[in-house]
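Breakdown of the fold
These are the residues of each chain, in order.
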Amino acid sequence: YDKNNLEPFQKVFYQETPEIRNMTADEVSELRLNLDNIKIKGHGCPNPITRWSQLGLNTSIMNSIKNVMKFQELTPIQAQALPAIMSGRDVIGISKTGSGKTISYLLPLLRQVKSQRDLSNSETGPIGLVLAPTRELALQIHEEINKLINDDASLNCICCTGGSELKDQISSVKRGVKIVVATPGRFIDLLTINSGKLLSTGRITFVVMDEADRLFDMGFEPQVTQIMKAIRPDKQCVLFSATFSNKIRSFAMRVLKNPITITINSNNIVNENVSQNFRVCESDTQKFDELISLLKERNDKHEAQEGFEESDNLQDNKTIIFVASQQICDILETNLVSSGFEIFSIHAGKPYQERVLNLEKYRRTRNSLLLCTEVLSRGLNVPEVSLVIIYNAVKTFAQYIHTTGRTARGNSKGKAVSFLLKDELAAAYILKKAMREHDFENQDPLDLTHLNAMNAEFEKGMNSGQYKLFSGFGGKGLENMDTKREKKE
Ligand code: ADP
Ligand code: MG
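The sections below set out a description of the structure shown in this document. (Residues numbered from 1 in each chain as written. Chains lettered and ligands numbered in written order. Predicted model: local features only at pLDDT ≥ 70, side-chain atom pairs only at ≥ 80, totals over all residues. Heavy atoms only, no water.)

**Things to note about the sheet that holds strand β6 (residues 206–209)**
Rules: Between any two strands, at least two bridges found by DSSP are needed for them to pair. To qualify as a helix, a DSSP run of H or I must reach at least 4 residues; to qualify as a strand, a run of E must reach at least 2; elements of each kind are numbered from the N terminus. The angle between two axes is taken between their N-to-C directions and runs from 0 to 180 degrees, where each axis is a line fitted to C-alpha atoms and a helix contributes only its stretch in contact.
Reading across from one edge, β1-β8-β2-β7-β6-β3-β5-β4 is the order of the 8 strands in this open sheet, with mixed pairing throughout. The open sheet has two free edges, formed respectively by β1 (39–41) and β4 (157–160), since each of these has just one partner strand. Ignoring which end each strand starts from, the neighbouring axes of this sheet average 15 degrees apart. Where β1 meets strand β8 (residues 260–263), 3 bridges bridge the pair, whose relative direction is antiparallel. Each residue of the ladder has a partner; that of K39, found in β8, is T263.

**What about the site of ligand 1?**
Note the threshold: Put simply, a residue is near a molecule or strand once any heavy atom of it comes within 4 Å of that molecule or strand. Polar contacts here mean pairs of N or O atoms no more than 3.5 Å apart (in protein, one a potential hydrogen donor and the other a potential acceptor; neighbouring residues in sequence count only if both atoms are side-chain atoms). Computed with the Shrake-Rupley method and a 1.4 Å probe, the accessible areas treat only the protein chains shown as cover for residues. The rule is simple: put a 1 Å grid over the protein atoms alone, call a set of points where a 1.4 Å probe fits but cannot get out a cavity, call an open set with protein on both sides within 12 Å along at least five of seven lines a pocket, and count a residue as lining if it has an atom within 4 Å of a point. Placement in a cavity or pocket follows one criterion, namely that more than half of the molecule's atoms lie within 2 Å of its grid points. Residue polarity is assigned by list, with Asp, Glu, Lys and Arg as charged and Ala, Val, Leu, Ile, Met, Phe, Trp, Tyr, Cys and Pro as nonpolar; anything else, Gly included, falls into the polar class.
The environment of ligand 1 is formed by W52, F71, E73, T75, Q78, K96, T97, G98, S99, G100, K101 and T102. In this structure, an oxygen atom belonging to ligand 1 sits 2.9 Å away from a side-chain N or O atom of K101. The fraction of the free accessible surface of ligand 1 (560 Å²) that becomes covered by protein chains is 68%. Taken atom by atom, the bulk of ligand 1 overlaps the second largest pocket. In terms of residue class, the shell around ligand 1 is built from 2 nonpolar, 7 polar and 3 charged.

**Quick look at the pairing of strand β3 (residues 128–131)**
Within a regular beta strand, the side chains point alternately toward one face of the sheet and then the other, so they alternate between its two faces. Convention followed: Categorising residues by exposure relies on relative accessible area from a 1.4 Å probe, with only protein chains included: less than 20% of the type maximum marks a residue as buried, more than 50% marks it as exposed, and the intermediate range marks it as partly exposed.
Because side chains alternate across β3, one face comprises the buried residues G128 and V130, and the other comprises L129 and L131, equally buried. Relative to strand β5 (residues 179–182), β3 runs parallel, the two sharing 4 bridges. Within β5, the position partnered with G128 by the bridge is I179. By the bridge criterion, 4 bridges tie β3 to β6 in an arrangement that is parallel. Of the residues in β6, the one forming a bridge with L131 is M209.

**A short note on the pattern of salt bridges**
Pairs may arise between side chains of opposite charge once their charged atoms sit close together. Worth spelling out the cut-off: Salt bridges are identified by distance alone: a Lys or Arg side-chain nitrogen within 4 Å of an Asp or Glu carboxyl oxygen.
In the structure shown here, the tally under the stated rule is 18 salt bridges. Taking the shortest distance from any N to any O, the salt bridge between E7 and R117 comes out at 2.7 Å. Of the two residues, E7 sits in the segment before α1 (18–21) while R117 sits in the loop between α5 (101–115) and β3, which places them 110 residues apart along the sequence. Under the relative-accessibility criterion, E7 is labelled partly exposed at 36%. Look at R117 and you get partly exposed, because its relative accessible area is 38%. A salt bridge links E27 to K468, with the nearest nitrogen and oxygen atoms 3.7 Å apart. Taken together, the positions of E27 in helix α2 (residues 25–34) and K468 in the loop between α18 (445–464) and α19 (477–488) put the pair 441 residues apart, joining distant regions of the chain. Overlapping salt bridges bring together E7, R117, E123 and R203 as one network.

**Topic: the environment of L371**
Note the threshold: The criterion used for residue contact is that any of the two residues' heavy atoms lie within 4.5 Å.
Along the chain, L371 falls in strand β12 (residues 369–373). In the structure, L371 is positioned 289 residues away from L82 in sequence and 44 Å away in space, judged by C-alpha atoms. Discounting residues that sit within four places of it in the chain, L371 has contacts with I321, V323, C329, L332, E333, I343, F344, S345 and I346.

**Digging into the layout of surface pockets**
For the record, the criterion: Grid points are joined across faces, edges and corners, and a volume is the space filled by probe spheres set on the points.
If you add up the space inside the largest pocket, you get close to 1,000 Å³. The wall of the largest pocket is formed by 28 residues, among which L31, N34, T50, R51 and M462 lie closest to the centre. A per-element tally of the lining of the largest pocket places α2 first, with 4 residues. Here the second largest pocket is characterised by a volume of approximately 410 Å³. Residue lining of the second largest pocket: 20 residues in total, with G98, G100, K101, T102 and Q140 positioned closest to the centre.

**Observations concerning helix α7 (residues 166–174)**
Heads up, the condition is: The arc in question is the one spanned by the directions pointing from the helix axis to the C-beta atoms.
Taken as a whole, α7 has its buried residues at Q169, I170, S172 and V173. The buried residues of α7 all sit within an arc of 165 degrees when viewed along its axis, so they share a single face. Away from its buried face, by an angle of more than 90 degrees, α7 presents the exposed residues K167, D168 and K174. On the buried face of α7, the contacting elements are β4 and α8 (184–192). With its phi angle positive at about 90 degrees, G176 sits one or two positions after the end of α7.

**Description of empty space enclosed by the protein**
Enumeration over the complete set of coordinates arrives at 2 cavities of 30 Å³ or more. Taken as a whole, the second largest cavity holds about 30 Å³ of empty space. If you go around the second largest cavity, the residues you meet are L295, R298, N299, H302, T319, N367 and L369. When residues of the lining of the second largest cavity are assigned to their parent elements, the largest contribution, 4 residues, is made by helix α12 (residues 284–308).

**Side note on the packing of aromatic side chains**
The condition is simple: Two aromatic rings from Phe, Tyr or Trp, using only the six-membered ring of Trp, form a pair when their centres are within 6.5 Å; if the ring planes differ by under 30 degrees the pair is stacked, by over 60 it is edge-to-face, and anything between is tilted.
For the coordinates displayed, the defined rule picks out 6 aromatic pairs. Between Y391 and F419 the ring centres are 5.8 Å apart and the planes differ by 65 degrees, which places this aromatic pair in the edge-to-face class. Placement of Y391 in the loop between β13 (385–390) and α15 (397–404) and of F419 in strand β14 (residues 414–421) is noted, with a sequence separation of 28 residues between them. The pair Y391 / F419 is uniform in exposure class, with both members buried. With a centroid separation of 6.3 Å and an interplanar angle of 70 degrees, the aromatic rings of F397 and Y429 are classed as edge-to-face.

Structure representation (C-alpha cells):
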C-alpha cells in the first residue's frame, strides 16, 4: 500500500449527545464504576453511554436490537466499546464470556461497512473481516450478523471455516461479499486461490479479532499477523478477548494504532479481603441501638480473647465509624461516650492539633474506635483496622470503595458493615452490586429481603429517570458545604 495513495474512507460515526457530553469527570467515573468497574487505558476515550438511542443508529438496526433480539439495556462492554469504536478508534475490549462482546463490534462494523463505496465489478470484497478461532464460533457470529442485516440488501456476509465446503464458499465469493467471518487459516487459503482474484484484502477497512486469547492458544498468531500485514495500514482494527495475557497485549500494541483498552472487571469493585455486611433500620434510634450492640459484641469478643492469649501476643482490632457530617460526628460522639465507649473523633471542624492528637491516640490504643467523616479519612492508612462501620449510607460507588478500603490493608482481612435507613435506596443498589455471593449467604434473611426490595425500587426509579446516583461526594446543602470545606482542608 502506498500510504499517500489510499482511497479515503469514513471511520467516525458517533457524536456524543449533550446529555453524555456534559457529564462531569466525577459523574463519568461513577458511571464507569456502576458499569462493572470499567477501566480505560489510552487517550481520548468517549464517555460510556446509557441507552441504545444515544448511538444514533438507523431505525432498522434499532428495530433488530429492541424488537428482534429484545435487548433492553446495554451491557457494560457495549456501553463503553460502542461509542469508542464508532468514534473511529482501534479498541481492545476485555470482558468475560457472555458479556455481550459480539454486538460491541458488530454494530460499528456494519455501520462502517455500509457507508463505504460499493464494491465495483472488479472487486470481490470483503470490506469487513471478522477472525475467530473456531468453526463453531465463526458460524455463531455469522448468524448474529444475518440477524442484524435482516433484509438490508446492501449488505451480505459469508462464513469461511476449515470444515465447510470450499467450493460453496468460492461460488458465493465470486458474486462479491461485503463481510467475511473466517478462521485465520481458511481465510489465507481463500486469499491465495486464483492468486488473489477470488478474495482480496484490498478493500478491507474494518477488522475484528474475536476471542483473541483462544486465537493465540490455538497457535494462530503467525496467520493473524500475516493477514494484518496484507490489509491497508489505516484500517480500523478491534480486538476482543475474555482474558488479556502479556502475549496478546504485546501483539495488540504492535498491530493496533493508538488503541483504547477497555477492561470490564465485574464484581471486583471492593477488595476481596473485605467481607461486606449491612443492617436495614426503621429509624435513627434503632440505628443507634444496633451500633451499640455491634460495638458491645465486639468488645466482648476482645475481652474473651484477652482471657486466653499471652499479653504480648494480643491482636489489635481497630474500628472506624464513618458518618456523613460534622454534626452527626459530634452528636454520635456524645452519645457513644455517654454509653461508656472511649471514642477518638476527627472531622474538619476540630482544630488541627486536636485531630492529630486524636489520630495518634487512636493508633496507639489497642482495639480503639475512630469516629470520622469520610472525606477526612482519605488516604488514612492504619493497618490494624479490621472493622469499618458505615453509619450513614453511602451515595456513590466511589464513596463505598474509599470507606471499605480503610480496612483489609495489605493482605489482612477486614469487615465492612453498612447501616441503611429504609429510604436510602441508592445505597441498597450499590451494596447489591458490590457484595459477593458469600456475603449474601452470611446476611440476615430479613435484611436481605429489605435490600432486594429497596434495590428493585431504585432500579425502577433509575429507568424512569426519577432516581440517579449522586455524582461526587456528599449530598446537598449543608452536608455538601461540609464536604467542600473538608476537601479544602
Ligand atoms: P461474549 O462474546 O462476551 O461471550 P456474546 O456476545 O456471545 O458474549 O453474548 C452473550 C449472550 O448475551 C448472547 O446470547 C447475546 O444474545 C446476549 N446479549 C448480548 N447483548 C445483550 C444485551 N444488551 N442485553 C441482553 N442480552 C444480550
Ligand atoms: Mg464472544
